[in-house]
Amino acid sequence: MIKQQTNKLSRRDFLKATAAGAAAVGTGAVPLPVAAQDDPINLIMWSNFSAGSALEAVDAMVAAINEANSDIVVEHTGFQNEDYKATILNTAFAGGAPPDIFASVGFEWLFAFVRPGAVLDITDYYEANLRDRYIPGIEATYDFEGRFWAVPWRVGSTPFIHYNLNLFDQIGASPDDIATVDGLMDVCEKGLAAGITPIGFGNKNQWNAVHWISNFVKNIMGAESANALFSMREGSWADAEPIEGATRMKTFVDNGYFGNSLNESYGVGSQLYWAGESLMLGTGGWEVSGLVRKMEEDPEFRGDFKEFPVEVGKPGLGSDWIFWGSLWAASASDDNAAIQARLKVLDAVGSAAMQGLSFQVRQDSYAARGAVAASGVEIAGPTAKYYELYENATALLPIPDVAIPTQATATMYEEFQGMLLGHVSVEDALNEIADAIDRFRPE
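None of the values given here were measured: they were computed from a predicted structure. (Residues numbered from 1 in each chain as written. Predicted model: local features only at pLDDT ≥ 70, side-chain atom pairs only at ≥ 80, totals over all residues. Heavy atoms only, no water.)

**A short note on the pairing of strand 9 (residues 278-283)**
And then number 1: Of all 6 residues in strand 9, 6 are buried, a share of seventy percent or more.
And then number 2: Sheet analysis places strand 7 (residues 160-164) next to strand 9, joined by 4 bridges and oriented antiparallel. What sits directly across from His 162, in strand 9, is Leu 281.
And then number 3: The pairing of strand 8 (residues 197-200) with strand 9 spans 3 bridges and is classified as parallel. The residue of strand 9 that forms the bridge with Thr 197 is Ser 278. (Buried < 20%, exposed > 50% of the residue type's maximum accessible area, 1.4 Å probe, protein only. Helix = DSSP H or I, 4+ residues; strand = E, 2+ residues; numbered from the N terminus. Pairing = 2+ DSSP bridges.)

**Thoughts on unusual backbone geometry**
And then number 1: For Phe 107, which is not a glycine, the phi torsion comes out positive at approximately 50 degrees.
And then number 2: Structurally, Phe 107 is set in the loop between strand 3 (101-104) and helix 4 (108-114).
And then number 3: Of note in this structure, Met 232 is not a glycine but carries a positive phi near 65 degrees.
And then number 4: Within the fold, Met 232 resides in the loop between helix 9 (223-230) and helix 10 (240-254).
And then number 5: By relative accessible area, Met 232 is classed as buried at 15%.

**Some words on the packing of helix 12 (residues 286-297) against helix 16 (residues 381-392)**
And then number 1: Contact geometry of helix 12 with helix 16 gives a least axis separation of 8 Å together with a crossing angle of 165 degrees. When the interaxial angle is binned, helix 12 and helix 16 end up roughly antiparallel. The interaxial crossing formed by helix 12 with helix 16 has right-handed handedness. Residues Val 288, Leu 291, Val 292 and Met 295 of helix 12 form the contact with helix 16, whose participating residues are Pro 382, Thr 383 and Tyr 386.
And then number 2: Residues that form the contact of helix 12 with helix 16 fall into these classes: 6 nonpolar, 1 polar and no charged. (Axes fitted to C-alpha atoms, helices over the stretch in contact; angles between N-to-C directions. Parallel < 35°, antiparallel > 145°, perpendicular 65-115°, else oblique. Left-handed = near helix turned anticlockwise from the far one by under 90°. Contact = heavy atoms within 4.5 Å. Nonpolar A, V, L, I, M, F, W, Y, C, P; charged D, E, K, R; others polar.)

Spelled out as structure tokens, the structure:
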């Protein structure tokens, strides 16, 4: 195993480094400086990063920004993910008291606030300062009607299969066997025959099935058509190809490839893999750093990952990726000093230097080109493999539950789960989803 090497920093040294990076990023970056004033401008920042390394990374960045800028004070609060996206942010905007800076996953999660004019339009600033910073395709996340409304912070892909090499050896399987969907099914059957759960899975929160079904659908449709469907530009979820993809997923459930984990949370389902109790875990890029940490903590654990398997004879995804992401946006304001203060924060968190310095804490994917190099972290093994794929992607496709109207997302979650549990047919489930998208489609 190639082991990942990291530069270990103390908390104090890390904050000194991030402060220096924030100061360097801010030099000359804001075209209209905040006017001199007696008191700094206080900025409230909200996110769905409430625990663990994600919270630590944001708090470290905020501390660095505050240390480097005497004219602003940023105060960050992290909320539980589902509550934040479902109610907390909506309630704040509806009540006319949104945070100054807020995290979003983009597309309709962001555009629902853009349409009524509640989000700061950063287009001119973006064109002048940020245009060339980020990896290809990410702008679709925050481009609404040709204007830009956010900066990206993290971005990554969902189509990965992590596998346990010890268990693969035990059942006589090879990683090459899961390069195709048919091969993946054969390995799952070997696992069942050996009494091992094939794939750790959890859909209690109902988003994981969306990722899996999206992967199957993009295999069948190809990147261009899948992108048009996921982004509501063309096609319908009631069409034959999405039904075929969802049927594939239903087959995996019916065959027992997910064991009894369908009604478990994602954390419980994924723990089957980390505990060595399932052959595989189908997940996103966020687990690559977790894989490295697992192998460092447990040298007996031998793991790796492959891209989601292809359907033989179907167009597949090629070098395009289905992705998830995290953005930072600012609420709208009529006050120039407040606007410039918010732009200063967006510039900092969206920079390669700041994202790279955050990588020292989280070692997770970031959107700015050069962020990993700026981090000072030497990467190897699974992380290096991930970044090679990541940096060679030519375009990014959205996960559909962030690209469709938020009102339709609940229907997509419920119908997919009902379909997988056998409460509704595949055709009926996808017809309901298509109807919900049409009903709530923005004009």
